[in-house]
Amino acid sequence: MDPTSAPVEAAAAAGHDFSFVGLFLQADPIVKGVMILLVVASLACWTVVFEKIVRLAAAKRQAKAFEAMVRQDGAVDTGQKGISGHIVKAGLDAWRDQDPSESRAERRERIERAMKGALGVEVKRLQGGLPLLATSGSTAPFIGLFGTVWGIMNSFSSIAKSQDTSLAVVAPGIAEALFATAIGLVVAIPAVMAYNKLSGDLARIQSGFVSCIAVLGNRLARDRSPHARAAAAE
């Protein structure tokens, strides 16, 4: 290799913009498309995370209010809001629709089944968006890796065309390619951590509701007089 070419190559490498914006703007169209896809996925994941934080915080407050109501003796509070309100309504509707021939155990099972059904509908609503976090966490690294592989292939093509294997020739292309993998990891790691945390919180909230439903179902099953219970609730 011509010794005089070394300063030229160094100047070319120095002239290449290695900032994040520069790496994006100078990247191959395919690699650039991968980066855009990952950034959009990241924005979508963070939107889901903040939305779930707000909704799960409200669900926790409702679960505490529901538990406090269940632990107290007396009439069922029909003024419960949100998830607990739907559960109470389902339980009272099932309790009013009584069959005189059914046993207390059958009545309790029917009431609990109605309340758990209402809880299941609300839990499904809270789960919305979590699959996006799971999908992004599992696929983002591979999407970034695809951009990296494509960028490195372009770098090898540059080597073949220039007949020069010096680092100055391939460094810009490799830097752009590795930047795609870095973005993939930035998307995947928070998405996986958020999915695990939010899923665990949702499971604990659901478990708390289920335990209280058992207590409330047993209380409602003891009373065979729907009119008396309804008057007390009002």
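One can find the structure itself at the top, above this paragraph.
Along each chain, residue indices are assigned from 1 in the same order as the chain's sequence is written. Confidence filtering applies because this is a predicted model: local features only for residues at pLDDT of at least 70, side-chain atom pairs given and counted only at 80 or more, and all residues used for totals across whole chains, interfaces and linings. Values reported for side chains reflect all heavy atoms of the structure, with hydrogen atoms and water molecules removed beforehand.

**Things to note about the environment of L56**
Right, on to step 1. Under the scheme used here, helices are H or I runs from DSSP no shorter than 4 residues and strands are E runs no shorter than 2 residues, and both carry numbers assigned from the N terminus. Mapped onto the secondary structure, L56 falls in helix α3 (residues 29-71).
Right, on to step 2. Each C-alpha atom of the pair L56 and D201 lies 7.6 Å from the other, and the pair is 145 residues apart in sequence.

**A word on the packing of helix α4 (residues 82-96) against helix α5 (residues 104-127)**
Right, on to step 1. At a minimum axis distance of 8 Å, the contact between α4 and α5 shows a crossing angle of 155°. Here α4 lies roughly antiparallel to α5, going by the angle between them. Read as a crossing pair, α4 and α5 show a hand that is right-handed. Along the contact surface, α4 presents I83, H86, I87, A90, G91, A94 and W95, while α5 presents R110, I111, A114, M115, A118, L119, E122 and L126.
Right, on to step 2. Residues are grouped as follows: Ala, Val, Leu, Ile, Met, Phe, Trp, Tyr, Cys and Pro are nonpolar; Asp, Glu, Lys and Arg are charged; all remaining types, including Gly, are polar. Across the contact of α4 with α5, the residue classes tally to 11 nonpolar, two polar and two charged. Interaxial angles span 0 to 180 degrees and are taken between N-to-C directions of axes, which are lines fitted to C-alpha atoms, for helices over the stretch in contact. Each angle gets one of four labels, with under 35 degrees taken as roughly parallel, over 145 as roughly antiparallel, 65 to 115 as roughly perpendicular, and the rest as oblique. Crossing chirality is assigned from the near helix's rotation relative to the far helix, an anticlockwise turn below a right angle marking it left-handed and a clockwise turn marking it right-handed. Contact definition: two residues touch when any of their heavy atoms are within 4.5 Å.

**Considerations on the nonpolar core**
Right, on to step 1. Remark: nonpolar core denotes a set of buried residues (Ala, Val, Leu, Ile, Met, Phe, Trp, Tyr, Cys) joined through side-chain atoms within 4.5 Å. Type-normalised accessible area, obtained with a 1.4 Å probe on protein chains alone, sets the label of each residue: buried when under 20%, exposed when over 50%, and partly exposed for intermediate values. With 33 residues, the main nonpolar core has F66, I87, L133 and F209 as its most contacted residues.
Right, on to step 2. Secondary structure elements with two or more residues in this core: α3, α4, α5, α6 (130-162) and α7 (167-222).
Right, on to step 3. With 10 residues, α7 is the largest single contributor of residues to this core.
Right, on to step 4. Apart from the residues within four sequence positions on either side, I87 is in contact with F66, M115, A118, L119, F209 and I213.
Right, on to step 5. In terms of nonpolar packing, the next biggest core, distinct from the first, is built from 10 residues, L38, F179, A180 and A188 among them.

**Description of empty space enclosed by the protein**
Right, on to step 1. Of the two site types, the cavity is a set of points on a 1 Å grid over the protein atoms alone where a 1.4 Å probe fits but cannot get out, and the pocket is an open set with protein on both sides within 12 Å along at least five of seven lines, each lined by residues with an atom within 4 Å of a point. Grid points are joined across faces, edges and corners, and a volume is the space filled by probe spheres set on the points. Scanning all chains against the criterion turns up two cavities of 30 Å³ or more.
Right, on to step 2. Taken as a whole, the largest cavity holds about 50 Å³ of empty space.
Right, on to step 3. Every residue lining the largest cavity is listed: S42, C45, W46, V49, L133, V186, V187, P190, A191 and A194.
Right, on to step 4. Listing elements by their share of the lining of the largest cavity, those giving two or more residues are α3 and α7.
Right, on to step 5. Sorting elements by how many residues they give to the lining of the largest cavity places α7 first, with five residues.
Right, on to step 6. Considered class by class, the residues forming the lining of the largest cavity number nine nonpolar, one polar and no charged.

**Comments concerning the pattern of salt bridges**
Right, on to step 1. Here, a salt bridge means any side-chain nitrogen of Lys or Arg that lies within 4 Å of a carboxyl oxygen of Asp or Glu. This model, assessed by the stated rule, comprises 10 salt bridges.
Right, on to step 2. Ionic pairing is found between D93 and K89, a salt bridge with its closest N-O pair at 3.0 Å. Taken together, the residues span about one helical turn, with D93 and K89 both in helix α4 at a distance of four residues.
Right, on to step 3. Accessibility expressed as a relative area gives 53% for K89, which makes it exposed.
Right, on to step 4. Here E122 ties to R125 by a salt bridge, and the two come within 3.1 Å at their closest N and O atoms. Of the two residues, E122 and R125 are both situated in helix α5; the distance of three residues between them amounts to about one turn of the helix.
Right, on to step 5. For R125, a relative accessible area of 47% gives the class partly exposed.
Right, on to step 6. Through salt bridges that share partners, K60, K197, D201 and R204 make up one connected network.

**A few points about the packing of α3 against α5**
Right, on to step 1. Where α3 meets α5, the axes come as close as 10 Å, and the angle between the chain directions of the two elements is 155°. If you check the angle between α3 and α5, you find them roughly antiparallel. Judged by residue contacts, K52, R55, L56 and A59 of α3 engage R125, L126 and Q127 from α5.
Right, on to step 2. Across the contact of α3 with α5, the residue classes tally to three nonpolar, one polar and three charged.

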